[in-house]
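Structural features, examined
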Amino acid sequence: MTRSAGLERLSEFLASAGGAYAEARNTDRGPDRPPTSSALSPYLRRRLVTEAEVVEAARTAYGDEGSDKFVSEVFWRTYFKGHLETHPEAWTAYLAGAEAARERLEAEPGLRRTYEAAIEGRTGIDGFDDWVRELVETGWLHNHARMWFASIWIFTLRLPWELGAAFFLRHLVDGDPASNTLSWRWVAGLHTRGKHYVARAQNIARYTEGRFLPEGLDEYPDSLDESMPPRETALAPADAAPAGDHALLLHLDDLHPESLPLSGSRVVRIAGLLAHAPDASDRVRAADRDAMEDALARAGAHFGCDASPVGSGWSGELPVVTAWAPVGPSAAALPDGCLWVRRAWDEAAWPLSTRGFTKVRKAIPQLLRS
């Protein structure tokens, strides 16, 4: 999990599947065939490659019209981060809901049996059990399969959505607190109230090219509801990097320190903070460690100073600067007193992300010009 691997994947995508992305992106051909999506999300999740450079490369390769759908999908990731930044209760409510659901598993044997069958791929539902195995064995699922999986989990198996979101976050190598939490809420009908996503057998058969045709799905469920949706809060302002010498603290949400807005300041010491997703699998933790190791090596070479895992007293008396950490494990783990700098990409798009995606989508041409 390195920046060079991410750039290589970007080049491969633009040279092969990129031209057919808009037409093929919903098709899940399985783990043994080349992906119809970009498969860049593990690198974007850690910002080993940035959204800005991925979008620029796609527009250069295919022009504004040819890259339009792909660029829009990249902005979905930005939108989810901005929405969670302005609705942080969605994250804290998810964590509390997952804990409450685990307590229910202890108290309700029937629910526990259904849950265990689901996470072990023993439901008997065609496709679903295969996706469980693919997720656990590879750390990856096609985006369309994630939607089918979440819908079946919620509406057919009647399992708490928070447990499904936690299962994804545990195993997905690209598991992102914002995209994962809000996507599960969207499928359930909570993100856009009353608008839920329903997995249908014929749709699954069509977009898996006949590999799966599940029986017994609930194709006419009601959406979930909640008494109080997450409240909107103002986007917190970013800090400016201090003039003069400072220490730089890296975290898993932004591992391209070479492009951080640090002009006018001088990095003289660097450390890396690993804050994994809750209950992250060994595969996810290994990817996190590899990504951080790669970022520290690049940062040390770029800034010409020591770069190592964070330790006691690592910064001395220097002010500590860090890239803005979106809501999630990294943000919770960063020490008090850090100065948080924010990229221009997020500064422009996040204020537009307080409601639905439409406002961001309409603003994409303007955002790209700026």
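Here's a quick rundown of the structure. Along each chain, residues carry numbers from 1 onward, in the same order as the chain's sequence is written. Per-residue local features of the predicted model are confined to residues with pLDDT of at least 70, and side-chain atom pairs are confined, for both listing and counting, to 80 or more; whole-chain, interface and lining totals are unaffected and use all residues. Calculation of side-chain values draws on the structure's entire complement of heavy atoms; hydrogens and water are dropped beforehand.

1. Concerning the sheet that holds strand β3 (residues 307-309)
Strand pairing follows a simple DSSP-based rule, namely that at least 2 bridges must link the two strands. Only runs of H or I of at least four residues qualify as helices and only runs of E of at least two qualify as strands under DSSP, and these elements are numbered from the N terminus. Here we have five strands laid out as an open sheet, ordered β3-β2-β1-β4-β5, and parallel in their pairing. Pairing within the sheet leaves two strands with one partner each, and these edge strands are β3 and β5 (339-341). Recorded for the sheet is a direction-independent mean angle of 30 degrees between the axes of neighbouring strands. Relative to β5, strand β4 (residues 320-323) runs parallel, the two being bridged by three bridges. Residue Val321 lies in a different strand from β5, and its bridge partner there is Leu339. Axis lines are fitted through C-alpha atoms, for helices just across the contact stretch, and the angle between N-to-C directions can take any value from 0 to 180 degrees.

2. Focus on the environment of Arg369
With respect to the helices, strands and loops of the structure, Arg369 is situated in helix α16 (residues 358-369). The spacing of Arg369 and Gly304 is 65 residues in sequence and 33 Å in space, taken between C-alpha atoms.

3. Things to note about the layout of surface pockets
Picture a little ball the size of a water molecule; that probe, rolled over the atoms, points out where space is still empty. The way it works is a 1 Å grid over only the protein atoms, where trapped points that fit a 1.4 Å probe form a cavity and open points with protein on both sides within 12 Å along at least five of seven lines form a pocket, and then any residue with an atom within 4 Å of a point lines it. Grid points are joined across faces, edges and corners, and a volume is the space filled by probe spheres set on the points. Approximately 1200 Å³ is the volume attributed to the largest pocket. Considering the residues around the largest pocket, the lining is formed by 45 residues, among which Glu73, Trp76, Phe80, Asn143 and Ser183 are closest to the centre. The set of elements that each furnish at least two residues to the lining of the largest pocket consists of α3 (41-45), α5 (68-86), α9 (143-156), α11 (177-188) and α16. Ranked by the residues each element gives to the lining of the largest pocket, the list is headed by α5, at nine residues. In terms of residue class, the lining of the largest pocket is built from 20 nonpolar, 16 polar and nine charged. The space that makes up the second largest pocket amounts to roughly 260 Å³. Each residue is assigned to one class: nonpolar for Ala, Val, Leu, Ile, Met, Phe, Trp, Tyr, Cys and Pro, charged for Asp, Glu, Lys and Arg, and polar for all the others, Gly among them.

4. Thoughts on empty space enclosed by the protein
Summed over the entire model, instances satisfying the criterion amount to two cavities of 30 Å³ or more. Estimated volume of the largest cavity: approximately 80 Å³. A per-class count over the lining of the largest cavity returns six nonpolar, no polar and eight charged. If you go around the second largest cavity, the residues you meet are Arg45, Arg46, Leu172, Val173, Gly175, Leu252, Ala275, His276, Ala277, Val284 and Asp288. Residue composition of the lining of the second largest cavity, by class: six nonpolar, two polar and three charged.

5. Quick look at helix α13 (residues 282-303)
By definition here, a helix of n residues has an expected span of 1.5 Å times n minus one. Between the first and last C-alpha of α13 there are 31 Å, a value that for 22 residues agrees with the 32 Å anticipated at 1.5 Å per step. Type-normalised accessible area, obtained with a 1.4 Å probe on protein chains alone, sets the label of each residue: buried when under 20%, exposed when over 50%, and partly exposed for intermediate values. The complete set of buried residues in α13 reads Val284, Ala287, Asp288, Ala291, Met292, Asp294, Ala295, Leu296, Arg298, Ala299 and Gly300. Here the buried face of α13 lies against α1 (3-15), α10 (161-171), β1 (244-251), β2 (265-273) and β3. Directly after α13, the chain includes Gly304, whose backbone phi takes a positive value near 65 degrees. It only takes one pair of heavy atoms within 4.5 Å for two residues to be counted as in contact.

6. Description of the packing of aromatic side chains
Each aromatic ring pair is specified by the distance between its two centres and by the angle formed by the two planes. Only Phe, Tyr and Trp rings take part, Trp by its six-membered ring, and two of them pair if their centres are within 6.5 Å. Stacked means planes under 30 degrees apart, edge-to-face means over 60, and tilted covers everything else. Under the criterion given, the structure shown has 24 aromatic pairs. Centroid distance Trp131 to Trp148: 5.5 Å. Interplanar angle 20 degrees. Geometry classified as stacked. Here the residue Trp131 occupies a position in helix α8 (residues 128-138), and Trp148 occupies one in helix α9, the gap between them amounting to 17 residues. The same class applies to Trp131 as to Trp148, namely buried. Through a chain of ring-to-ring contacts, the aromatic side chains of Tyr115, Phe128, Phe149, Trp153, Phe167, Phe168 and Trp184 assemble into a single cluster. Geometrically, a charge over a ring is one whose NZ (Lys) or CZ (Arg) sits within 6 Å of the ring centre while staying within 35 degrees of the ring normal. One Lys or Arg, Arg200, reaches over the ring of Tyr220 and ends 5.3 Å from the middle of that ring. It is Arg342 that lies over the ring of Trp324; its NZ or CZ is 4.4 Å from the centre.

7. What about the side chain of Thr86?
The topology assignment puts Thr86 in helix α5. By relative accessible area, Thr86 is classed as buried at 1%. Under the rule applied, a polar contact is a pair of N or O atoms within 3.5 Å (in protein, one hydrogen donor and one hydrogen acceptor; residues adjacent in sequence only if both atoms are side-chain atoms). Looking at Thr86, its side chain comes within polar contact range of the main-chain oxygen of Gly82, at 3.0 Å. Sequence-distant contacts of Thr86, that is, excluding residues within four places in its chain, are made with Arg231, Glu232, Thr233, Leu235, Ser353 and Thr354.

8. Here's the deal with the state of the cysteines
In what follows, a disulfide is any cysteine sulfur pair within 2.5 Å. Following the criterion strictly, the structure yields zero disulfides and no others. With no disulfide of its own, Cys305 lies 16 Å from the sulfur of Cys338, the closest cysteine sulfur. Of the residues examined, Cys338 reaches a relative accessible area of 11% and is grouped as buried.

9. Regarding helix α6 (residues 89-107)
Here α6 spans 27 Å end to end across 19 residues, near enough to the 27 Å set by a 1.5 Å rise per residue. Of the residues making up α6, those classed as buried are Ala90, Trp91, Tyr94, Gly97, Ala98, Ala101 and Leu105. The arc that holds every buried residue of α6, seen down its axis, measures 120 degrees, which confines them to one face. In α6, the exposed positions that point more than 90 degrees away from the buried face belong to Glu103, Glu106 and Ala107. Summarising the contacts, the buried residues of α6 are in contact with α5, α7 (109-119), α10, α11 and α14 (329-333). In this context, the arc is that of the directions from the helix axis out to the C-beta atoms.

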